[in-house]
Amino acid sequence: KAFCYAAGEQVADGAALVGLTLRGGAGVFGNPVGGVWCNSTNARVANCIIEACYNGATSGTLVNCLVRDNFAQSSGAATAFSSLINCTVTGNRVLSPGVSSVCLAWTTNTIFNSIIWGNKNSANADANYGTGGPGTVSYSCIRPLPTGTNNISLDPLLAADGTHLLAGSPCTGWSMRPARSRWY
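Definitions and cut-offs
- Residues numbered from 1 in each chain as written.
- Predicted model: local features only at pLDDT ≥ 70, side-chain atom pairs only at ≥ 80, totals over all residues.
- Heavy atoms only, no water.
- Helix = DSSP H or I, 4+ residues; strand = E, 2+ residues; numbered from the N terminus.
- Buried < 20%, exposed > 50% of the residue type's maximum accessible area, 1.4 Å probe, protein only.
- Contact = heavy atoms within 4.5 Å.
- Areas by Shrake-Rupley, 256 points an atom, 1.4 Å probe, with all protein chains shown as cover.
- Phe/Tyr/Trp six-rings, centres within 6.5 Å; stacked < 30°, edge-to-face > 60°.
- Disulfide = S-S within 2.5 Å.
- Salt bridge = Lys/Arg side-chain N within 4 Å of Asp/Glu carboxyl O.

Turning next to the overall build of the protein chain. Broken down by element type, the protein chain carries 0 helices and 19 strands. Expressed as a percentage of its 184 residues, the buried residues of the protein chain come to 50%. Excluding contacts between residues fewer than 6 apart, the proportion of contacts in the protein chain whose partners are at least 24 apart in sequence is 49%. Carbon and sulfur atoms provide 55% of the accessible area of the protein chain, an area that totals close to 8,200 Å².

What follows is the structure, encoded as C-alpha cells:
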C-alpha cells in the first residue's frame, strides 16, 4: 500500500513507489497530504508524476519525478521534508495570503541535479523556497540562487507542458555537471 488514505497509510521506510502518476489527490482531516506521504527519506518515489494534488509529497526521496501544479493552503504545496534527485518541480502554488514558501517547505534535505522553477505564492510571486533555505543543493537550477555546488539561477526554458526543455536551455549540455549525472 503506497498511498495515504484516511487511515494514514504511508510508503514504508525502505519501500519504493515506482512509475505511477498521482493526480488529483486530496488530503483528509489529520492527514493533509494528497500526493504521496512517505515514512522517511529512506522511502523512494521514482519515475513518478505527482500533479494537481493537495500537497504533493512529504518526506521520502524523489528520483526522476515531475512534481507540478500541486497546491496547499500554506507551505509545502510541492514537497516537504523530502530529498530530490533528477526532479523537475514547477507550477506549484500556495493559496493563503502572506505565506512565502511553496515548494521546499521545512527545509528539504538534499536537491541534486533538479529544476525548481515557477512555483508561486498567493501574490503570484516566485516562492521556490522560504527563508530557511532548501537544504543542500548541487547541480540544480533554482531561483533565488542557493549556496551549493554548481547551481544556476537562469530560466530553464521549460516548454509549455512544464516537463520538457526548449532548445537553448541552460540546463542541457551544462559542462560543469558531474560526468554521471544528467539534466533532462
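Structure shown, so let's carry the discussion forward.
The next point concerns unusual backbone geometry. The linkage connecting R143 with the following residue, P144, adopts the cis geometry, with an omega of 0°. Assignment of secondary structure puts P144 in the loop between β18 (141–142) and β19 (148–149). The backbone of S59 shows a phi angle near 60°, a positive value even though the residue is not glycine. Relative to the helices and strands, S59 is located in the loop between β6 (57–58) and β7 (61–63). Residues other than glycine seldom take positive phi values, yet Y139 does so here, at roughly 50°. Position of Y139 among the secondary structure elements: in the loop between β17 (136–138) and β18. On the basis of relative accessibility, which here comes to 15%, the residue Y139 falls in the buried class.

With that out of the way, let us pick up the packing of aromatic side chains. Describing an aromatic ring pair means giving the distance of the ring centres and the angle of the ring planes. In this structure the tally under the stated criterion is 2 aromatic pairs. For the pair Y54 and F71, a centre-to-centre distance of 5.5 Å together with 75° between the ring planes defines the contact as edge-to-face. Here F71 lies in strand β9 (residues 71–72) and Y54 lies in the loop between β5 (49–51) and β6, a separation of 17 residues in the sequence. Ring geometry for F112 versus Y139: centroids 5.7 Å apart, planes at 65°, classification edge-to-face.

Here the focus is the state of the cysteines. Under the defined criterion, the tally for this structure stands at 0 disulfides. Take C65: it sits in no disulfide, and the sulfur closest to it among the cysteines is that of C87, at 4.8 Å. As a non-bridged cysteine, C141 has C171 as the owner of its nearest cysteine sulfur, 3.9 Å distant.

This brings us to the environment of A46. Topologically, A46 is positioned in strand β4 (residues 44–46). Residue classification places A46 among the buried positions, given a relative accessible area of 16%. Through-space distance from the C-alpha of A46 to that of I85 is 9.4 Å; in sequence the pair is 39 residues apart. In this structure, A46 is in contact with L17, V18, G19, V63 and C65, ignoring residues within four places of it in sequence.

Moving on to the pattern of salt bridges. Summed over all chains, the structure comprises 4 salt bridges. Among the ionic pairs, R143 bridges to D126, the shortest N-O distance being 2.5 Å. With a gap of 17 residues between them, R143 in the loop between β18 and β19 and D126 in the loop between β16 (115–117) and β17 connect regions that are remote in the sequence. Linked by salt bridges that have partners in common, R23, E51 and R68 make up one network.

Treat this as a map of the structure, not an account of what it does.
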